[in-house]
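Now for the letters of each chain:
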Amino acid sequence: MYWNKEMECMPPEQRRKLQLERLQNLVRRVYENVPHYQRVLREAGIRPGDVQSLDDLAHLPFTTKDDLRRTYPFGLFATPLQNTVRVHASSGTTGKPTVVGYTRQDVDTWSEVMARTLSCAGTKQDDVVQIAYGYGLFTGGLGVHYGAEKIGATVVPVSVGNTKRQIMLMQDFGTTVLACTPSYALHLAEVLEESGADRSRIRLRVGVFGAEPWTQQLGREIENKLNVVAIDIFGLSEIIGPGVASECLYNAGLHLFDDHFLPEIIDPETGRQLPPGEEGELVITTLTKEAFPLIRYRTRDITRLFVEPCPCGRTHVRMSKIMGRTDDMLIIRGVNVFPSQVESALLEIGQAEPHYLLVVDRSGPLDQLEIWVEVSEKVFADEVRRLEALGKTIQREIEGTLGIGVKVKLVEPKTIERSQGKAKRVVDKRDVYNKNQ
Ligand code: ADP
Ligand code: ZN
């Protein structure tokens, strides 16, 4: 079910024309209104009129997270502050957060792409949407909120946390759509199980999960435990928040709303554009944003784009599930490791719980990767011999996937911290070591 059939099913050729018009307009706007862009475009020898085709995008300079930090807080805004009706900020785990702004039109655009996202998941006016993403400077809560209201669904803006109350509301209000991070969905499923709540009073049908990487295997776990269809939704505050791309009910990659967000994949080392199908860093140009437009923003997210049509009829370019972020990638003895690879190997075996942690340490000159894996009470209480055998199986599977030796430690239920927002999958003790050098 489409939200905006004209845009979502537009013939690709026609969409390319629209993208070019919007790109030309964007370059003109940032050149005239944002000193940073005027400077970097001049340095690159580019004038607004030089953009003649979509291929010219490759000549434009990248924008990076560092550019955002350097211009903190409002330096990249393209409209006066009085036209900015909202600001949000990323979590900013290291130092100052990155601040983004919206005009009234931007908030409308955001609601539109979130209405599309929720429609991709089959949400309709008679749905009850429980939003357990955090509200506040984080874009998750309010992003989903505006989209769900636009559709006319009944919004329950409960925000994150207080899991028992979430379950109570879910039962009493007849929630049909749950929006939260996949790791919180798992936690909710766990608490639901333990509480012995009456399942027949739960009407959940679909979950719109995002804000962190999660594998297809984890999706299946959540689907089984919560009895929902798990839909992957993607976005980042710099680009708009959630609403950049979404899976449809065919579960065949995420539709990237490329009438608003123009994507490219580049080789993160060389910055060179890569053709459809190849894996690399996702780069996005915001074609319509007014307050905080970005040219070729390097998301640091790793994925692939593909252009084949989807059975649902939407013609947007699709991206595969995000594999991880370049800054979450661990380099262990020279080999690149993403937590998602461990997750899929682990869940493939089917005997471990979907709770794991990668602990990296250094012994002498060598990096060591230890993987903590939770097993159920029953398995943990099993004979030592059987537990050891399971540990070995998991170790072999993960080593086969990663191509490096690892240690596996099976731990008791609840050893690994549960997450309300974005899960923490890695503890890198080498950082401490490096700092002490
Ligand atoms: P930050 O995490 O930097 O504080 P955001 O809250 O805007 O800022 O998070 C955006 C990031 O979250 C994305 O760049 C991506 O790494 C991750 N993310 C969001 N949605 C998904 C998703 N569906 N799958 C994987 N990663 C996601
Ligand atoms: Zn589709």
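The structure under discussion appears in the preceding block.
Nothing here was measured: the structure is a model prediction, and the numbers come from that model.

S.K.: How would you explain the coordination of the zinc ion (ligand 2) if you had to name every residue and give the values?
M.R.: Coordination of the zinc ion (ligand 2) by the protein involves C248 (SG), H255 (NE2), C310 (SG) and C312 (SG), with metal-donor separations of 2.1 to 2.3 Å. One can describe the donor arrangement at the zinc ion (ligand 2) as tetrahedral, given that its 4 donor atoms subtend angles of 106 to 119° at the metal. On the accessibility criterion, C248 (1% relative accessible area) is buried. Accessibility expressed as a relative area gives 0% for H255, which makes it buried.

S.K.: Outline the site of ligand 1, supporting the account with residue identities and numerical values.
M.R.: Near ligand 1 there are 18 residues, and of these S91, D232, I233, S237 and D301 occur at the shortest range. In the model, an oxygen atom of ligand 1 is placed 2.7 Å from a nitrogen or oxygen of the S237 main chain. Between R325 and ligand 1, the recorded distance is 3.0 Å, taken from a side-chain N or O atom to an oxygen atom. Calculation on ligand 1 without its partners gives an accessible area of 560 Å², and the protein chains cover 94% of this total. Considering each element in turn, the shell around ligand 1 owes the most residues, 5 residues, to strand β7 (residues 229–236).

S.K.: Outline the packing of aromatic side chains, supporting the account with residue identities and numerical values.
M.R.: What the rule picks out here adds up to 4 aromatic pairs. Residues F77 and F292 carry aromatic rings whose centres are separated by 5.8 Å and whose planes lie at 75° to one another, so their mutual orientation is edge-to-face. Note that F77 is positioned in the loop between α4 (65–70) and β1 (86–89) and F292 in the loop between β11 (280–286) and β12 (297–303), a separation of 215 residues in sequence. No difference in accessibility class separates F77 from F292, as the two residues are buried.

S.K.: So what's going on with the side chain of T176? Which residues, and what values?
M.R.: Looking at the secondary structure, you find T176 in the loop between α7 (163–173) and β5 (177–180). Judged by relative accessible area, T176 falls into the buried class, the value being 5%.

S.K.: With reference to specific residues and values, describe the pattern of salt bridges.
M.R.: For the structure shown, the criterion picks out 29 salt bridges. The network of salt bridges with common partners includes K65, E238, R300, R325 and D327.

S.K.: Help me get a handle on the sheet that holds strand β18 (residues 356–363), residues and values and all.
M.R.: Spatially, 4 strands are ordered β20-β19-β18-β21 in an open sheet, and the strand pairing comes out mixed. If you trace the sheet from one side to the other, it starts and ends with β20 (407–411) and β21 (426–428), each paired once. When strand polarity is set aside, the average angle formed by the axes of neighbouring strands in this sheet is 20°. Here strand β19 (residues 366–374) runs beside β20; their pairing, made up of 5 bridges, is parallel. Within β20, the position partnered with V373 by the bridge is L410. Sitting on the sheet, helix α10 (residues 339–349) is in contact with β18, β19 and β21, with an inclination near 125° to β18. In the packing of helix α12 (residues 384–402) onto the sheet, the strands contacted are β19 and β20, and the crossing angle to β20 comes to about 135°.

The rules behind the values
- Residues numbered from 1 in each chain as written.
- Chains lettered and ligands numbered in written order.
- Predicted model: local features only at pLDDT ≥ 70, side-chain atom pairs only at ≥ 80, totals over all residues.
- Heavy atoms only, no water.
- Donors = N, O, S within 2.8 Å, 3.2 Å for Na, K, Ca; no water.
- Tetrahedral: all angles 85-135°; square planar, octahedral: opposite > 155°, others 65-115°.
- Buried < 20%, exposed > 50% of the residue type's maximum accessible area, 1.4 Å probe, protein only.
- Near = heavy atom within 4 Å.
- Polar contact = N/O pair within 3.5 Å; in protein donor to acceptor, adjacent residues only side chain to side chain.
- Areas by Shrake-Rupley, 256 points an atom, 1.4 Å probe, with all protein chains shown as cover.
- Helix = DSSP H or I, 4+ residues; strand = E, 2+ residues; numbered from the N terminus.
- Phe/Tyr/Trp six-rings, centres within 6.5 Å; stacked < 30°, edge-to-face > 60°.
- Salt bridge = Lys/Arg side-chain N within 4 Å of Asp/Glu carboxyl O.
- Pairing = 2+ DSSP bridges.
- Axes fitted to C-alpha atoms, helices over the stretch in contact; angles between N-to-C directions.
- Contact = heavy atoms within 4.5 Å.

Remember that the coordinates give geometry; whether it matters functionally is a separate question.
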